[in-house]
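Single-letter residue listing:
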Amino acid sequence: MSQVDMFGSFFLMNMDEFLQNVFLCLDPASLKNCRCVCKQWNGFIKESIWNSRLGRARLREKLRLCWRKSSFRVSEFGINASAGISWIGCDQTFAYFGTWSEFMGAYEIHTGNPKHEVYFRDKPFSPYTVDHDCCESMDLGEDYLAVVTDVGEIILMDKDTSVLSEKMGTGGRVSRIKMSKNKVVATVDAMRGRRAQISTLETMEGKWKIRSVVVDDAEAANDLDVDGDWLVIGTGESSKIWKLSELEKGPVHEISAGTFRVVMQFPFLFVLSTYDPYGLQVWNILTNTMIREIESEDDRGFEFISSNGDLIVVVSENEEHRRSHLDDPHHNVPVQLFEIKELIDPEIPDSQLWRPTIWSTVNKGDLVCAAMNRTSLVIAAGLDVEVYKFWDD
């Protein structure tokens, strides 16, 4: 009897728990290969591992340990654009990039192969013109990519095909944008006598509809984030938290934190502060208390923040760094990871936090930014991209 036949006999002996433990001892790539052995193995792994609450919990813990042990494989690819990357986002399959020249590209994370590349700028790009609104605000939904153009309009594109779904104005200049599933939330500056607004866009009967609520704070919005029915708008003075379903009632909570960038996982808020030392602040929204503030590795403060739900990645301030090294063609920027459940635990001192650092080398004048999905960290430096894959399936 072959080893495969001998192992197959365990399926006939109703030894599901034993088989589950055996398969869960495998690394991700081996577990994936096992699904190709036969229909019986594939069916068991699918139902008793991936679709099992216990199996998925153990797989999540294996994935967590891969991140914690910095067990990763690195791949690299480049972006074919005329200006550096200013925005980055990713799902489990593709990484999406926006540049200062209003180029948008989607690239397969595993291979770096381009899926689609789109230019949607309303005027010719000049590398000698400073325009900080170009592609500065983009976001991914379940089926769409939302982009703010250089004239403050919103473009909605199908993620899979890059086909234009909608291009629309909101009665003002859109400053920041966020997608929650397939709903768009945008802050709209005051314009031509109209006050600042929070606008939500969603599809109804196949058409995009706009609902706007007058909010003066939207004029000064540095960033926003959405978690379920909760919305946070961060300004240089504070962060205000709203219920999306009850926007007209006004903010429910307010955190006294000068906010440059923000990630929310209600009831916790992760803020890149506008005040010295420009660190990462962790807030409990319900108690209005700051749990901790963490300074950057190089004492320059943080500029970018992203989360995959379990981890947070922050990138040190790029702008000041590149201005102060004009004679040096390259400089190194630290990219740091944190685990959310540690950050929100006040019993864990800062010195004991898991805090790995990846140093990214970037050319003079370019930025470093980062994004994550459940299994990979994607770092863009100028037009060069590195993918750190922690779950090699």
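The structure displayed is predicted, hence computed values, not measured ones. Residue indices follow the written sequence of each chain, beginning from 1 at its first position. Selection of residues for local features in this predicted model requires a pLDDT of at least 70, selection of side-chain atom pairs for listing and counting requires 80 or more, and totals for whole chains, interfaces and linings are taken over all residues. Think of the side-chain values as coming from all heavy atoms in the structure, minus any hydrogens and water.

Visitor: Any chance you could break down the packing of helix H4 (residues 39-50) against helix H5 (residues 53-68) for me, citing the residues and the numbers?
Guide: A packed helix pair is summarised by two numbers, namely the angle formed by the two axes and the spacing between the axes. Axes here mean lines fitted to C-alpha atoms, for a helix over just the part in contact, with angles spanning 0 to 180 degrees between N-to-C directions. Labels follow the DSSP assignment, with helices taken as runs of H or I lasting at least four residues and strands as runs of E lasting at least two, numbered in each case from the N terminus. It is the contact of H4 with H5, at a shortest axis distance of 5 Å, that shows an interaxial angle of 80°. In terms of orientation, H4 and H5 fall into the roughly perpendicular class. Between H4, through Ser48, Ile49 and Trp50, and H5, the contact on the second element is made entirely by Gly55, Arg56 and Leu59. Amino acids are sorted into nonpolar (Ala, Val, Leu, Ile, Met, Phe, Trp, Tyr, Cys and Pro), charged (Asp, Glu, Lys and Arg) and polar (every other residue, Gly among them). Here the contact of H4 with H5 is composed, by residue class, of three nonpolar, two polar and one charged. Between 65 and 115 degrees an angle is taken as roughly perpendicular, under 35 as roughly parallel, over 145 as roughly antiparallel, and anywhere else as oblique. We call two residues in contact whenever any of their non-hydrogen atoms come within 4.5 Å of each other.

Visitor: Give me the lowdown on the environment of Lys389, citing residues and values where you can.
Guide: Tracing the backbone shows Lys389 in strand E28 (residues 384-389). Between the C-alpha atom of Lys389 and that of Phe72, which follows or precedes it by 317 residues, the distance is 5.1 Å. A 3.5 Å cut-off defines polar contacts: any pair of N or O atoms within that distance qualifies, except that in protein one atom must be a possible hydrogen donor and the other a possible acceptor, and neighbouring residues in sequence count only when both atoms are side-chain atoms. A distance of 3.4 Å separates a polar side-chain atom of Lys389 from the backbone oxygen of Trp391.

Visitor: I'd like a description of the pairing of strand E12 (residues 197-204), backed by residues and values.
Guide: At least two DSSP bridges between two strands are needed for those strands to be called paired. Where strand E11 (residues 183-188) meets E12, five bridges bridge the pair, whose relative direction is antiparallel. Across the sheet, Val188 pairs through a bridge with Gln197, a residue of E12. Sheet analysis places E12 next to strand E13 (residues 207-214), joined by eight bridges and oriented antiparallel. Across the sheet, Leu201 pairs through a bridge with Ile210, a residue of E13. Counting the residues between successive antiparallel strands, the hairpin from E12 to E13 contains two residues, one of them, Glu205, with a positive phi of roughly 55°.

Visitor: Tell me about the packing of aromatic side chains, residues and numbers included.
Guide: Centre distance within 6.5 Å is the pairing criterion for rings of Phe, Tyr and Trp, where only the six-membered ring of Trp is used; planes under 30 degrees apart are then read as stacked, over 60 as edge-to-face, and the remainder as tilted. Throughout the structure, instances matching the rule amount to eight aromatic pairs. Ring plane angle 80° and centroid distance 5.2 Å describe the contact between Tyr144 and Trp208, whose orientation is recorded as edge-to-face. You can see Tyr144 sitting in strand E7 (residues 144-148) and its partner Trp208 sitting in strand E13, a full 64 residues away along the chain. Accessibility expressed as a relative area gives 18% for Tyr144, which makes it buried. Among the aromatic side chains, those forming a connected cluster through ring pairs are Trp67, Phe72, Tyr388 and Phe390. It is Lys115 that lies over the ring of Phe94; its NZ or CZ is 4.2 Å from the centre. Remark: a charge is flagged as sitting over a ring if the NZ atom of Lys or the CZ atom of Arg is within 6 Å of the ring centre and within 35 degrees of the ring normal. For the cation-ring pair, Lys243 lies above Trp230, with the distance from its terminal atom to the ring centre recorded as 5.4 Å. Burial here depends on accessible area, computed with a 1.4 Å probe over protein chains only, as a share of the maximum for the residue type. Under 20% is buried, over 50% is exposed, and the range in between is partly exposed.

Visitor: Could you give an account of the pairing of strand E21 (residues 289-294), with specific residues and numbers?
Guide: When a strand is regular, its side chains alternate between the sheet's two faces. Where strand E20 (residues 280-284) lies against E21, five bridges are found, and the strand directions are antiparallel. Each bridged residue has a counterpart across the sheet, and for Trp283 the counterpart in E21 is Met290. Linking two consecutive strands that pair antiparallel, namely E20 and E21, is a turn of four residues; a positive phi of about 55° is found at Asn288 within it.

Visitor: How would you explain H4 if you had to name every residue and give the values?
Guide: Note that an α-helix has 3.6 residues per turn; residues three or four places apart therefore point the same way. To estimate the expected span of a helix, count its residues, drop one, and scale the result by 1.5 Å. Taking 1.5 Å per residue, 12 residues should reach 16 Å; H4 reaches 15 Å between its end C-alpha atoms and fits that length. Within H4 the residues assigned to the buried category are Trp41, Phe44, Ile45, Ser48 and Ile49. End-on, the buried residues of H4 take up no more than an arc of 105°, which puts them together on one face. Working note: the arc is built from the helix axis to C-beta atom directions.

Visitor: Describe the environment of Ile45, naming the residues involved and giving the relevant values.
Guide: Note on placement: Ile45 falls in helix H4. Taking relative accessible area as the criterion, Ile45 reaches 0% and is therefore assigned buried. Sequence separation of Ile45 and Lys32 is 13 residues, and the distance between their C-alpha atoms is 9.0 Å. Once residues lying within four places of it in the same chain are set aside, the contact partners of Ile45 are Phe23, Leu31, Cys34, Arg35 and Trp50.

Visitor: Could you give me a rundown of the sheet that holds strand E17 (residues 253-255), with the residues and numbers involved?
Guide: With respect to topology, four strands assemble into an open sheet ordered E14-E15-E16-E17, the strand pairing being antiparallel. Strands with a single pairing partner mark the edges of an open sheet, and in this sheet they are strand E14 (223-227) and E17. For this sheet the average axis-to-axis angle between neighbouring strands, irrespective of direction, equals 20°. Examined bridge by bridge, strand E16 (residues 239-243) and E17 share three bridges and lie antiparallel to one another. Across the sheet, the residue bridging to Ser239 is Ile255, located in E17.

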